Amino acid sequence: MNKFSHIETFLIQFLRHEVQKIGFNKVVLGLSGGIDSAVVALLAKKALGNNLLCIMMPSTQSSPQSIKDAKDLCHMHDLPYEVIPIGSLVENYNKTQNLTPLRRGNFAARMRMAVLYDISARENALVLGTTNKSELLLGYGTLHGDLASAINPIGDMYKSDIFPLARHLGVSEAIISKPPSADLWEGQSDEEELGYTYAQIDQFLKAFVDERATKEELINRGFDPDLCEMVTKRIYNNQFKRLPPIIAKLSERTIGHDFLNMRELKN
């Protein structure tokens, strides 16, 4: 059994265990046509069968190719899905706010998550996250948008490791080969916006985070000083995106500080 077979088996068991532990048997996720959500969808299908619903939520800025790729994946792997356009939600708000591309993209991401949580209530289902470890560390996501979820099976996998897992699971080459993009506006590219490829970023992250090497040590190893500065600054500045709201401690047992309920104590 190869590395990605082990990862597949573990994540399938993780999804089954966590969903059932919370008391649910169904999940929903946003399927964008990108590689991360495709991987999560196929893992969920293997873990829960048809107790899965993929939601595609195109806006007026979304790439038509992304929706086509998402539909093709569903047809190829028999994934239940719905298409719920959010363009009118974004455009109506934009009329009163004259949004910049960044604000518009973040607003669209939050509208998608609002729709997804409403569908989860309709279906009595949990929302699955589709954000990888690289994005979480960089803070490269929208708070209360694509970063929101109940369970995230790929949050401890770097972006560059998602690609071989996707091939192992049978994600279409059309999805695997496209440039990574949050698809927040036309032509948006993650790597162009970050200034480096995910392969370059992940090489630094693995050394800095997993090996606990210092920024200075990594510069001495030959890492680009600008890359080191950009990544470490993002990690520290975006820590708030990785935490629940911080509560001021006033009592003996404060939520988030020293209070755990029985579900959190379960293995």
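Above this note sits the structure.
Residues numbered from 1 in each chain as written. Predicted model: local features only at pLDDT ≥ 70, side-chain atom pairs only at ≥ 80, totals over all residues. Heavy atoms only, no water.

Within the secondary structure, T232 sits in helix α12 (residues 225-237). By relative accessible area, which is 5% here, T232 ends up buried. Here the side chain of T232 touches C228 through a polar contact of 2.7 Å, landing on its backbone oxygen. Apart from the residues lying within four places of it in its own chain, the contact partners of T232 are F204, F208 and K215. (Helix = DSSP H or I, 4+ residues; strand = E, 2+ residues; numbered from the N terminus. Buried < 20%, exposed > 50% of the residue type's maximum accessible area, 1.4 Å probe, protein only. Polar contact = N/O pair within 3.5 Å; in protein donor to acceptor, adjacent residues only side chain to side chain. Contact = heavy atoms within 4.5 Å.)

Our next topic: the packing of helix α2 (residues 35-48) against helix α7 (residues 159-169). Contact geometry of α2 with α7 gives a least axis separation of 10 Å together with a crossing angle of 45°. It follows from the interaxial angle that α2 and α7 lie oblique. Crossing of α2 against α7: the hand is left-handed. Touching I35, D36, V39, L42, L43 and K46 of α2 are K159, I162, F163, L165, A166 and L169, all from α7. Of the residues that constitute the contact of α2 with α7, the class distribution is nine nonpolar, no polar and three charged. (Axes fitted to C-alpha atoms, helices over the stretch in contact; angles between N-to-C directions. Parallel < 35°, antiparallel > 145°, perpendicular 65-115°, else oblique. Left-handed = near helix turned anticlockwise from the far one by under 90°. Nonpolar A, V, L, I, M, F, W, Y, C, P; charged D, E, K, R; others polar.)

Core analysis: the largest hydrophobic core is formed by 39 residues, its most contacted members being V39 and V171. Looking at this core, the elements that each hand over two or more residues are α1 (3-22), β1 (27-30), α2, β2 (52-56), α3 (64-77), α7 and α8 (173-177). When residues of this core are assigned to their parent elements, the largest contribution, 10 residues, is made by α2. Dropping the residues within four chain positions of it, V39 is found in contact with I154, I162, L165, A166, L169 and V171. (Core = buried A, V, L, I, M, F, W, Y, C linked by side-chain atoms within 4.5 Å.)

Let us look at unusual backbone geometry. Even without being glycine, D78 reaches a positive phi, approximately 55°. Structurally, D78 can be placed in the loop between α3 and β3 (81-83). A relative accessible area of 53% places D78 in the exposed class. Even without a glycine there, the phi angle at R212 is positive, about 60°. Here R212 lies in the loop between α10 (198-210) and α11 (215-221).

The subject of this paragraph is the pattern of salt bridges. Applying the stated criterion across every chain, the model contains 16 salt bridges. When the shortest N-O distance is used, the salt bridge between R221 and E211 registers 3.5 Å. Of the two residues, R221 is situated in helix α11 and E211 in the loop between α10 and α11; the sequence distance between them amounts to 10 residues. Salt bridges here are not isolated pairs; linked through shared partners, they connect K26, E82, R122 and E123. (Salt bridge = Lys/Arg side-chain N within 4 Å of Asp/Glu carboxyl O.)

Next up on the list: the pairing of β2. Taking burial as the measure, the five residues of β2 include five buried ones, the bulk of the element. Burial along β2 is two-sided: the residues L52, C54 and M56 and L53 and I55 are all buried. Note: β1 against β2, four bridges, orientation parallel. Its bridge partner lying in β2, G30 is registered against I55. The parallel pair β1 and β2 is bridged by α2, and the resulting crossover is right-handed. Pairing between β2 and β3: three bridges, direction parallel. Counterpart to M56 in the pairing with β3 is V83. Handedness of the crossover joining β2 and β3 through α3: right-handed. (Pairing = 2+ DSSP bridges. Right-handed = clockwise from strand over helix to strand, strands pointing away.)

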